[in-house]
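Summary of structural features
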Amino acid sequence: MFLGFTHLTNPEEVDWIKRQLEVERHAFVDENRKKWILQRLAAPSTLESFLEKKYSSEKRFGLEGCEALIPCLDVIVERCSQSGVQTLVMGMPHRGRLNVLANTLEMPLKELLALFDAKLKIPEQLSGDVKYHLGFTNSKLVANTGKKIELVMLPNPSHLETVNSVVLGRTCAEQFHLGDTRGDKVASILIHGDAAFAGQGVVSETLQLSGVSGYSVGGTIHVVVNNQVGFTTNPDTYRSSAYCTDVARTINAPVFHVNADDAE
């Protein structure tokens, strides 16, 4: 793990992160937690293997190489529920979307497979767009808290990062109608690919509006999935910065680089 937070200009925020890291550094991952991590890694891997064998000619944009995204999102949802969040609005590109719909939002597999097989009836609530653009909403029971949290994956019919401002707009609207001025009840999470996060201007535009009155939603969790694909583009041919996440440093956001091959 590489932690990028010393660039923050607020010393109180730096000290707070340091204190949290001291606690987490000595945390012990017990056997039950290890089994849970293994189970949550196996679930997306098994789904990808099944879809590859059963529907080998279908385009699906799999999650191979970054299956750790699923337990990562599980923990984020769990922590949000513990903090009192009632609705989590999500947006992401096409890569890994089907796996997130199935394993994080718990979309019924019957509905998911209907998107692949013309002989199966596609549920009426799904649009006629391609399967890796679809959205889904589900009220999920979080086991560790006993609370339900509404997970909303917005459809992304355009390309990659276009959904960012849509997610934040919906989050802002829901916060307004609930009188949630601090973002305690409605939160947002955006999932990105490494090349798109560094290369598309809408990312920078959205980040720059994050602290502007009338646009702020109280902060957004960004998860950058770097499976070294970048749509066949090597890092030295699509960015000048050392890391694809360096654009986030412009707004003094802390950046945590984690090894997806070491889920514990």
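That block above? That's the structure.
Small disclaimer: the values here were computed from a predicted structure and weren't measured.

1. What to know about the sheet that holds strand S4 (residues 147-153)
Strand order in the open sheet made by the 5 strands is S3-S4-S2-S5-S6, with mixed pairing throughout. Sheet topology places strand S3 (136-142) and strand S6 (221-225) at the edges, where each strand pairs with a single neighbour. Sheet twist, expressed as the average angle between the axes of neighbouring strands with direction ignored, equals 20°. Of the strand pairs in this sheet, strand S2 (residues 87-91) and strand S5 (residues 186-193) are connected by 5 bridges, and their pairing is parallel. When the sheet's bridge partners are listed, Val89 is paired in S5 with Ser188. Together, S2, S4 and S5 form the strand contacts of helix H6 (residues 163-178), whose direction differs from that of S5 by roughly 175°.

2. Comments concerning a nonpolar patch on the surface
On the surface, a nonpolar cluster with roughly 370 Å² of combined accessible area is contributed by Met1, Phe256 and Val258. For Phe256, a relative accessible area of 44% puts it in the partly exposed group.

3. Observations concerning the nonpolar core
In summary, soluble globular proteins display a tendency toward joint burial of nonpolar side chains. The biggest cluster of nonpolar side chains holds 35 residues, and the ones touching the most others in it are Leu88, Met90 and Val100. Contributing elements (two or more residues each) for this core: helix H2 (31-54), helix H3 (69-82), S2, helix H4 (97-103), S3, S4, S5 and S6. A total of 6 residues in this core trace back to one element, the largest contributor, which is H3. Ignoring any residue separated from it by four or fewer positions in sequence, one finds Met90 in contact with Leu73, Val100, Leu105, Val152, Met153, Leu154, Val167, Ile189 and Ile191. By size, the runner-up hydrophobic cluster in this structure holds 7 residues, among which are Val152, Leu154, Val186 and Leu190.

Criteria and thresholds
Residues numbered from 1 in each chain as written. Predicted model: local features only at pLDDT ≥ 70, side-chain atom pairs only at ≥ 80, totals over all residues. Heavy atoms only, no water. Pairing = 2+ DSSP bridges. Helix = DSSP H or I, 4+ residues; strand = E, 2+ residues; numbered from the N terminus. Axes fitted to C-alpha atoms, helices over the stretch in contact; angles between N-to-C directions. Contact = heavy atoms within 4.5 Å. Patch = residues over 30% accessible without salt bridge, like charges linked within 9 Å, V, L, I, M, F, W, Y side chains within 5 Å. Areas by Shrake-Rupley, 256 points an atom, 1.4 Å probe, with all protein chains shown as cover. Salt bridge = Lys/Arg side-chain N within 4 Å of Asp/Glu carboxyl O. Buried < 20%, exposed > 50% of the residue type's maximum accessible area, 1.4 Å probe, protein only. Core = buried A, V, L, I, M, F, W, Y, C linked by side-chain atoms within 4.5 Å.

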